[in-house]
Amino acid sequence: PLSFEECIDIDVEKLKTAGVVQDDTFWEVDDEERDRRWLTYWNSQDEKYWTDEEELCNGEVGRGLYVLQLYRWFKEYEYNGNDSDVAYDAEQILVMKSEKLLPDKTTQKVDINPITHFIGIEDMDIVAKGGEKIHATSSDIGPMMDETKQKLRNLFDPFNKKLGGLLGKEWDDPWPYDE
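Quick caveat: nothing in here was measured; it's all calculated off a predicted structure. (Residues numbered from 1 in each chain as written. Predicted model: local features only at pLDDT ≥ 70, side-chain atom pairs only at ≥ 80, totals over all residues. Heavy atoms only, no water.)

Student: Describe unusual backbone geometry, with residues and values.
Tutor: Positive phi outside glycine occurs at Gln 108, with the angle close to 65°. Structurally, the position occupied by Gln 108 is in the loop between α3 (66-78) and β3 (109-110). On the basis of relative accessible area, Gln 108 is assigned to the partly exposed category, the value being 27%. (Helix = DSSP H or I, 4+ residues; strand = E, 2+ residues; numbered from the N terminus. Buried < 20%, exposed > 50% of the residue type's maximum accessible area, 1.4 Å probe, protein only.)

Student: Quick rundown of helix α6 (residues 146-167)? Include the residues and the values.
Tutor: Taking 1.5 Å of rise per residue, the 22 residues of α6 would be expected to cover 32 Å, and the 30 Å separating its terminal C-alpha atoms lies within 8% of that figure. Of all bends in α6, the biggest is about 35°, found at Phe 156, and the proline Pro 158 comes one to four residues later. The set of residues buried in α6 consists of Thr 148, Leu 152, Arg 153, Leu 155, Phe 156, Phe 159, Asn 160, Leu 163 and Gly 164. (Expected span 1.5 Å × (residues − 1). Bend = angle between axes of the 7 residues up to and from the residue.)

Student: Describe the nonpolar core, and please don't skip the residues or the numbers.
Tutor: Membership of the largest hydrophobic core comes to 22 residues, with the highest contact counts inside it found for Leu 15, Val 20, Val 61, Leu 65, Leu 68 and Phe 159. Elements that contribute at least two residues to this core include exactly α1 (4-17), α2 (31-43), α3 and α6. Ranked by the residues each element gives to this core, the list is headed by α6, at 5 residues. Setting aside its immediate chain neighbours within four residues, Leu 65 contacts Leu 15, Val 20, Trp 38, Leu 155, Phe 156 and Phe 159. (Core = buried A, V, L, I, M, F, W, Y, C linked by side-chain atoms within 4.5 Å. Contact = heavy atoms within 4.5 Å.)

Student: For a negative patch on the surface, give the residues involved together with the corresponding values.
Tutor: Among the surface-exposed residues, Asp 111, Glu 122, Asp 123 and Asp 125 lie close enough to one another that they form a single negatively charged patch. Relative to the helices and strands, Asp 111 resides in the loop between β3 and α4 (113-119). Note on Asp 111: relative accessible area 43%, which makes it partly exposed. (Patch = residues over 30% accessible without salt bridge, like charges linked within 9 Å, V, L, I, M, F, W, Y side chains within 5 Å. Areas by Shrake-Rupley, 256 points an atom, 1.4 Å probe, with all protein chains shown as cover. Salt bridge = Lys/Arg side-chain N within 4 Å of Asp/Glu carboxyl O. Lys, Arg positive; Asp, Glu negative; His and termini not counted. Charge placed at Lys NZ, Arg CZ, Asp CG, Glu CD.)

Student: Any chance you could break down a nonpolar patch on the surface for me, citing the residues and the numbers?
Tutor: Together, Leu 94, Phe 118, Ile 119, Ile 121, Met 124 and Ile 126 make up an exposed nonpolar region whose accessible area comes to about 480 Å². Locating Ile 126 in the fold gives a position in strand β4 (residues 126-127). A relative accessible area of 33% places Ile 126 in the partly exposed class.

Student: Any details on the pattern of salt bridges? Residues and values, ideally.
Tutor: Any two side chains of opposite charge can pair, so long as their charged atoms come close to each other. By the definition in use, this model includes 5 salt bridges. The closest approach of N and O atoms between Arg 36 and Glu 33, which form a salt bridge, is 2.7 Å. Taken as a pair, Arg 36 and Glu 33 lie in helix α2 at a separation of 3 residues, close to a single helical turn. On the accessibility criterion, Arg 36 (45% relative accessible area) is partly exposed. It is possible to trace a salt-bridge network through shared partners that takes in Glu 33, Arg 36 and Arg 37.

Student: I'd love a proper account of the packing of aromatic side chains, names of residues and values included.
Tutor: This structure, assessed with the given rule, holds 5 aromatic pairs. The interplanar angle of 55° and the centroid separation of 5.9 Å between the aromatic rings of Trp 27 and Tyr 71 together place this pair among those described as tilted. Separated by 44 residues along the polypeptide, Trp 27 in the loop between α1 and α2 and Tyr 71 in helix α3 bring together distant segments of the chain. Judged by its relative accessible area of 30%, Tyr 71 is partly exposed. A connected cluster of aromatic rings, assembled from ring pairs, spans Trp 27, Tyr 71 and Phe 159. Sitting over the face of the ring of Trp 171, Lys 97 holds its NZ or CZ atom 5.5 Å from the ring centroid. (Phe/Tyr/Trp six-rings, centres within 6.5 Å; stacked < 30°, edge-to-face > 60°. Lys NZ or Arg CZ within 6 Å of the ring centre and 35° of its normal.)

Student: Outline the confidence of the model for the protein chain, supporting the account with residue identities and numerical values.
Tutor: Of all residues in the protein chain, 75% have pLDDT values of 70 or greater, and the mean over the chain is 78. Averaged pLDDT values over the elements of the protein chain bottom out at 51 in strand β1 (residues 49-50) and peak at 92 in α4. In the predicted structure, residues 50-54 sits below a pLDDT of 50 and forms 5 contacts with residues beyond four places in sequence or in another chain. Scored below 50 in pLDDT, residues 79-86 makes 6 contacts in the model with residues more than four places away or belonging to other chains. (pLDDT = per-residue confidence, 0-100.)

Student: Summarise the packing of α1 against α6; cite the residues concerned and give the values.
Tutor: Closest axis-to-axis distance for the α1/α6 pair is 11 Å, and the angle between their directions is 25°. In terms of orientation, α1 and α6 fall into the roughly parallel class. For α1 against α6, the interelement crossing comes out left-handed. Residue-level inspection shows Phe 4, Glu 5, Ile 8, Asp 9 and Val 12 of α1 in contact with α6, the latter providing Thr 148, Lys 151, Leu 152 and Leu 155. Here the residues of the contact of α1 with α6 are counted per class, giving 5 nonpolar, 1 polar and 3 charged. (Axes fitted to C-alpha atoms, helices over the stretch in contact; angles between N-to-C directions. Parallel < 35°, antiparallel > 145°, perpendicular 65-115°, else oblique. Left-handed = near helix turned anticlockwise from the far one by under 90°. Nonpolar A, V, L, I, M, F, W, Y, C, P; charged D, E, K, R; others polar.)

Given below as structure tokens:
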């Protein structure tokens, strides 16, 4: 089977070919060109990379470029149906880190109140059943190679800085690196 690093390299190559991470010009182009590049990458996900065991490597890096996906959603919500653009209304889309939905280690309660408040329903208590995983951890897949870790940091940093600019200060460094 392909290694994690090989899957990362395949996806980074797709991002480069589409012009998303090819050079520093991505944020200098207009919105239409940025959308074109992102869609070129996104549509390349149809090009599957199968191993002998028919495991799939597909989009591991690009799916993590959250700011690009959010730009597209926010752009859709700028249109008000009357042929005129309106500013994005932050009350229309809730963006949360999935880590916020991890159960409390002691009580196993999951705090979904930010979601219930957002959609305007009564708060509710949710208790995790246990044994359920939201994220893979290093104990699941082994430690990441230092070279791969640095490559991914370099790639994600400019996109994560833009994420902070889009969503606010609490997103300036959304996933700090543990060193």
